[in-house]
Amino acid sequence: EVQLVESGGGSVQAGGSLRLSCAVSTYGYCTYDTNWYRQAPGKEREFVSAIVRDGSTTYADSVKGRFTISQDNAKNTAYLQMDSLKPEDTAMYYCKIDLRPLHPLYIARCLGTHWGQGTQVTVSS
């Protein structure tokens, strides 16, 4: 059973930094790609960043140059480093995990997409 635990959210002033974490319990059968999304009240959920197993990264234009996504496979934890935060970054942030089997025999144990519970980020002026 796959479980995700998000942490690292909080309240900061504009220009400050936060690092979000997404810990993944895969029991050694799976690796994963990580996506970060965010959603502000009354607005649509939007894509923020993604990283895949080969290390390739993608960023939304609104966060490019300020946010950095990374993944520590030894710790089974994904991170989103957020620098130079702006009030418009205020939102609930969610990690989404797409599992990949480490071996073909593990396919049945590495199915589906999984979402974290979310962590709140609030940036004040």
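Calculation notes
- Residues numbered from 1 in each chain as written.
- Predicted model: local features only at pLDDT ≥ 70, side-chain atom pairs only at ≥ 80, totals over all residues.
- Heavy atoms only, no water.
- Salt bridge = Lys/Arg side-chain N within 4 Å of Asp/Glu carboxyl O.
- Helix = DSSP H or I, 4+ residues; strand = E, 2+ residues; numbered from the N terminus.
- Buried < 20%, exposed > 50% of the residue type's maximum accessible area, 1.4 Å probe, protein only.
- Contact = heavy atoms within 4.5 Å.
- Polar contact = N/O pair within 3.5 Å; in protein donor to acceptor, adjacent residues only side chain to side chain.
- Disulfide = S-S within 2.5 Å.
- Core = buried A, V, L, I, M, F, W, Y, C linked by side-chain atoms within 4.5 Å.
- Pairing = 2+ DSSP bridges.
- Axes fitted to C-alpha atoms, helices over the stretch in contact; angles between N-to-C directions.

A word on the pattern of salt bridges. It is possible for side chains bearing opposite charge to pair when their charged atoms get close. Taken as a whole and judged by the stated rule, the model has six salt bridges. Measuring nitrogen to oxygen at the nearest pair gives 2.7 Å for the salt bridge that ties Asp-33 to Arg-100. Of this pair, Asp-33 sits in strand E4 (residues 30-39) while Arg-100 sits in strand E9 (residues 91-101), and the two are 67 residues apart along the sequence. A salt bridge links Arg-66 to Asp-89; its shortest N-O distance comes to 2.8 Å. Of the two residues, Arg-66 sits in the loop between strand E6 (57-59) and strand E7 (67-72) while Asp-89 sits in the loop between strand E8 (77-82) and E9, which places them 23 residues apart along the sequence. Among the residues examined, Arg-66 registers a relative accessible area of 11% and is labelled buried. For Asp-89, a relative accessible area of 1% puts it in the buried group. Taken together, the shared-partner salt bridges connect Arg-38, Glu-46, Arg-66 and Asp-89 into one network.

Moving on to the environment of Gln-120. Along the polypeptide, Gln-120 turns up in strand E11 (residues 119-124). Those residues in contact with Gln-120, other than ones at most four positions away along the chain, are Gly-9, Gly-10, Thr-90, Ala-91 and Met-92. A distance of 3.3 Å separates the side chain of Gln-120 from the backbone oxygen of Ala-91, its partner in a polar contact.

So, on to the state of the cysteines. In the structure shown here, the tally under the stated rule is two disulfides. Residue Cys-30 pairs covalently with Cys-110 via a disulfide, S to S 2.0 Å. A torsion of -90° about the S-S bond marks the disulfide between Cys-30 and Cys-110 as left-handed. Taken together, the positions of Cys-30 in strand E4 and Cys-110 in the loop between E9 and strand E10 (113-115) put the pair 80 residues apart, joining distant regions of the chain. By relative accessible area, which is 4% here, Cys-30 ends up buried. Across the protein, the disulfide pattern expressed with sequentially numbered bonded cysteines is 1-3, 2-4.

Judged by nonpolar contacts, the single largest core of 29 residues is most densely connected at Cys-22, Trp-36, Phe-67, Leu-80, Met-82 and Tyr-93. Residue assignment for this core shows that the elements contributing at least two residues are strand E3 (18-25), E4, strand E5 (46-51), E7, E8, E9 and E11. In terms of residue count, the dominant contributor to this core is E9 (five residues).

An order of E1-E3-E8-E7 is seen for the four strands of this open sheet, with the pairing classed as antiparallel. Since the sheet does not close on itself, it has two edges, and those belong to strand E1 (3-7) and E7, each with one partner. Mean inter-strand twist for the sheet, computed between neighbouring axes without regard to direction, equals 15°. Where E3 and E8 come together, six bridges link them in antiparallel fashion. Across the sheet, Leu-20 pairs through a bridge with Leu-80, a residue of E8.

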